[in-house]
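# Structure assessment
What follows is the residue order along each chain.
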Amino acid sequence: MFLEQMNWVGVGVVSPLQDWMISLSSSGHLLMAEVFYVGVDVGTASVRAALVTREGLLKSTAQEPIGIWEPESDHYVQSSTEIWEKCCTVVKKVTHGVEKSQIRGIGFDATCSLVVLDQSFQPVPVSQEGDPQRNVVMWMDHRATEQADRITKNGHRVLSRVGGVMSPEMQPPKLLWLKENLKENCWNKASHFFDLPDFLSWKASGSLTRSLCTLVCKWTYCPPEGWEASFWTSIGLDDLLENNFSKIGSVTCPPGSPLGEGLTQEAAADLGLDPGTAVGASLIDAHAGGLGVIGADVKGFHLPCEGLPITARMALICGTSTCHMAISEQPRFVPGVWGPYLSAMVPGLWLNEGGQSVTGRLIDHMVKGHTAYTQLQEQVQQRLPFAGENIYSYLNNHLSSMANSCSAVDLLGSSLHVWPDFHGNRSPLADPTLKGMVVGLSLSQTLDDLALLYLATMQALALGTLHILEAMKEAGHEIRTLFLCGGLSKNNLFVQIHANTTGLPVVLPDQTEAVLVGAAVLGACASRHYSSIQEAMEKMAKVGKVVQPDSEVQSFYERKYKVFLRLLAHQRECQALMSQR
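Scope of this entry: the structure provided in the associated data block. Keep in mind that this is a model prediction, so the values were computed, not measured. (Residues numbered from 1 in each chain as written. Predicted model: local features only at pLDDT ≥ 70, side-chain atom pairs only at ≥ 80, totals over all residues. Heavy atoms only, no water.)

## Topic: the nonpolar core
The following threshold applies: Side-chain atoms within 4.5 Å are what join buried Ala, Val, Leu, Ile, Met, Phe, Trp, Tyr and Cys residues into a set we call a nonpolar core. We call a residue buried when its accessible area falls under 20% of the maximum for its residue type, exposed when it is over 50%, and partly exposed in between, using a 1.4 Å probe and counting protein chains only. Segments assigned H or I by DSSP are reported as helices when at least four residues long, segments assigned E as strands when at least two residues long, and all are numbered from the N terminus. By definition in these notes, contact holds between two residues if any of their heavy atoms fall within 4.5 Å.
Counting residues in hydrophobic clusters, the biggest one holds 90 residues, and the most contacted among them are Leu 178, Phe 193 and Trp 232. The biggest single contributor to this core is helix 17 (residues 514–526), with 9 residues. When neighbours within four sequence positions are excluded, Trp 232 is seen to be in contact with Pro 172, Leu 175, Trp 219, Thr 220, Trp 227, Leu 237, Asp 238, Leu 240, Leu 241, Phe 245 and Ile 248.

Structure follows, in C-alpha cells:
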C-alpha cells in the first residue's frame, strides 16, 4: 500500500517526494537517499563547485585557482583546457563520498569570455605569442575598444538592445579584432567560437546548442528572429554567416534546458559522475547569481516588494565587477544599459543588465596600492589569531573607531570623493574612455587615510549603483528592493552603504554562495525535478538577512550624489579642453 501511495515504478526511480531516491536493498528493505545537484561557477580567477540539495542548501564546496595572462596592456587571456581540468577537480571534490546515482543534474556558469577552437575542437591561440593553450579572450579584455567604437558608429539597429553603444566586453568587437589582427594564426583556423559558459556545457554534453543567455546578452542574437545577418555583414564579419552561423551557434535554447543525452561517457569519466546525468543549458556567472537570489519567497520579511511581481526587484552580483539585473514583462530600452534581452535569465521575461566593470578589483587596487597597506597587513596579522579578521573587516572596524559614537561611519566620507570608472564606464554612460578620479587627497598617508580612501571608494561604487537605478527608473522600471550576492555581499559595510545610498532595503541570500545555487538550479531544471526556472528559483533561493537603509544619512548621500555627478561633468569638461587644438 505504501509503495502504491508513492507511485512506485521501480528501483532507483525518483518518487513524487522528489527530494529522495527510492530503491530496494538486496534484502528487500526500502531505502531512501537524498538527491543532489552540482553547480559549477567559473569566475575571473577561480573555478568553484557546490553540491546542492533540492531545497537549495549547500552540502559541500570546493575551489581551484585558474591562470590569467596579460601578454599586452589590456589583453587578458586564459586556457580553456586548464579551466575544464579545474572544473573536473572541484566536481570530484564536492561529490566525494556521495553515490553517483544521487547526482541528478549539473549546471555551469562562467564569465562571458570568448573561447576559440578549430575544426577538431582543439584550442586556437588568441594572442600574437601564438600559444594555442591560451585560447580564451577574457571578459575584461579591452583590446577591441577601437573595433567597438566602429561598430557603435555603424549604428545598426541591434545596438538598441545594448543601450545604443557596443562595449569592448561583448563578443562582436573581439571577433573583429581577431580577424583584423590574427587572421592567419587564429581567424582562418577557427571553426568554433564559444562563450565560455557554452564551451563548458558542450564539454559536458557534446551538444553545440547555445544558451540564449550568452547569445542574447553578448552576441546580439534576438529571439525569436535569431541572428541579424545584416549586422555581421555591415561590420565585416559576413564569413560568420556560413553554414547557418555554425561557427557561433545555429541552435539555441533557454537556460536550464536539458542538453543532449546528458553527460557524455568522456565527460562523466572526467567529472567522476554517471553518464547521462542531466546537463542544463548554461548561464553567464552574474545571471546565475541572479537566479540564486532574485526569486526568493519574501513573505513575512515586510519588504516593499512583497506581493508585487518579481519585476520590483533588482539583483546585484558583486565580485570583481558588478552586474545589476532587472527584469520586466515588457521590453524596456534604457540608454547605456544592456538589453532588453528576452529569456536571457528568466524564460519569458525581459532582462536589462547594468554593470560596473571594476568593483572588488577597484577596492583591492585602492587599498593594496596605498602606502599604508604594509602597516595594515601587520595590524591584521597581529589580530588574526584572535579575531579571524581579513583586511576588509579590519578596515570596517577601524572606520567605526574613527567615527564619533554619535555619528554614522558614512559621514567620514564628506570631504573625500571618488569617481570609480578606473576601467571605463559600463553603465549607464557606456563610455570606456572615462577614467577614475579622487578629489580631497592630502600629503598624509596614515592608516586612517587608507581607511577613508577605502570608504570613499565603496561609497562611489554605491553611488554608481544609484546612477544605474535612476536610468532604469526613467525607462519605466519600478525597483523596490535590492538583492545582493557575490563576494562583496559578504562585506557588511559595503552592503549597508548600498542600502543607505539608494534608500532601498537590501536582501542577502540564506546561502552565501548564491551563484553556485543558481548554477545548481540549471541542473535541477534539466533533470525535470522542477517544471520551470521560476519554480526552481522560488524553492531553492531563500532570504537570509535584510539590511534596511539608515534614514539619518539620507540627506548626506543626496549631497554626495550631486558631487558624484559633478565629478563626471568636470572630467568631460577637462577632456573637451585638452582635445582643443
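## Focus: the sheet that holds strand 9 (residues 136–137)
We apply this condition: Here a strand pair is declared whenever DSSP counts at least two bridges between the two strands.
Strands sit in the order 6-9-8-10 across an open sheet of 4 strands; the sheet is antiparallel. Single-partner strands in this sheet number two, and they are strand 6 (77–78) and strand 10 (190–195). In the sheet, strand 8 (residues 114–118) pairs with strand 10 via 5 bridges, with the strands oriented antiparallel. Paired with Val 115 across the strands is Phe 194, a residue of strand 10.

## Side note on the side chain of Asn 500
Basically, it comes down to this: Here a polar contact is recorded for every N or O atom pair within 3.5 Å, except that within protein the pair must consist of a potential hydrogen donor and a potential acceptor, and residues adjacent in sequence are included only if both atoms are side-chain atoms.
Mapped onto the fold, Asn 500 is located in helix 16 (residues 492–502). Note on Asn 500: relative accessible area 4%, which makes it buried. Within the structure, Asn 500 has its side chain in polar contact with the side chain of Asp 410 (distance 3.1 Å). Setting aside anything within four residues of it in sequence, one finds Asn 500 in contact with Asp 410, Gln 548, Pro 549, Asp 550, Val 553 and Tyr 557.

## What about the packing of aromatic side chains?
Heads up, the condition is: Think of it this way: a Phe, Tyr or Trp ring, Trp meaning its six-membered ring, pairs with another when their centres are within 6.5 Å, and the plane angle makes it stacked under 30 degrees, edge-to-face over 60, tilted otherwise. In our convention, an over-ring charge means Lys NZ or Arg CZ found within 6 Å of a ring centre and within 35 degrees of that ring's normal.
A complete count under the given rule lists 14 aromatic pairs for this structure. Ring geometry for Phe 194 against Trp 202: centres 5.5 Å apart, planes inclined by 25 degrees, an arrangement best described as stacked. Overall, the relative accessible area of 13% leaves Trp 202 in the buried class. Arranged with centres 5.2 Å apart and planes meeting at 70 degrees, the rings of Phe 231 and Trp 232 form a pair that is edge-to-face. By the ring-pair criterion, three or more aromatic residues cluster together here, those being Tyr 221, Trp 227, Phe 231, Trp 232 and Phe 245. Positioned over the ring face of Trp 177 is Arg 143, at 4.6 Å from the centre of the ring.

## Observations regarding the packing of helix 15 (residues 447–474) against helix 19 (residues 554–578)
Quick reminder of the rule: Here the axes come from fitting lines to C-alpha atoms, over the contacting stretch only for helices, and the angles between their N-to-C directions go from 0 to 180 degrees. Each angle gets one of four labels, with under 35 degrees taken as roughly parallel, over 145 as roughly antiparallel, 65 to 115 as roughly perpendicular, and the rest as oblique. Each residue is assigned to one of three groups, with Ala, Val, Leu, Ile, Met, Phe, Trp, Tyr, Cys and Pro labelled nonpolar, Asp, Glu, Lys and Arg labelled charged, and all others, Gly among them, labelled polar.
Taken N-terminus to C-terminus, the directions of helix 15 and helix 19 make an angle of 85 degrees; their axes are 10 Å apart at the nearest point. It follows from the interaxial angle that helix 15 and helix 19 lie roughly perpendicular. Together, Gln 459, Ala 460, Leu 463, Gly 464, Leu 466, His 467 and Glu 470 of helix 15 and Phe 556, Tyr 557, Lys 560, Tyr 561, Phe 564, Leu 565 and Leu 568 of helix 19 make up the contact between the two elements. Tallied by class, residues from the contact of helix 15 with helix 19 come to 9 nonpolar, 3 polar and 2 charged.

Without other data, these values stay purely geometric and don't point to any function.
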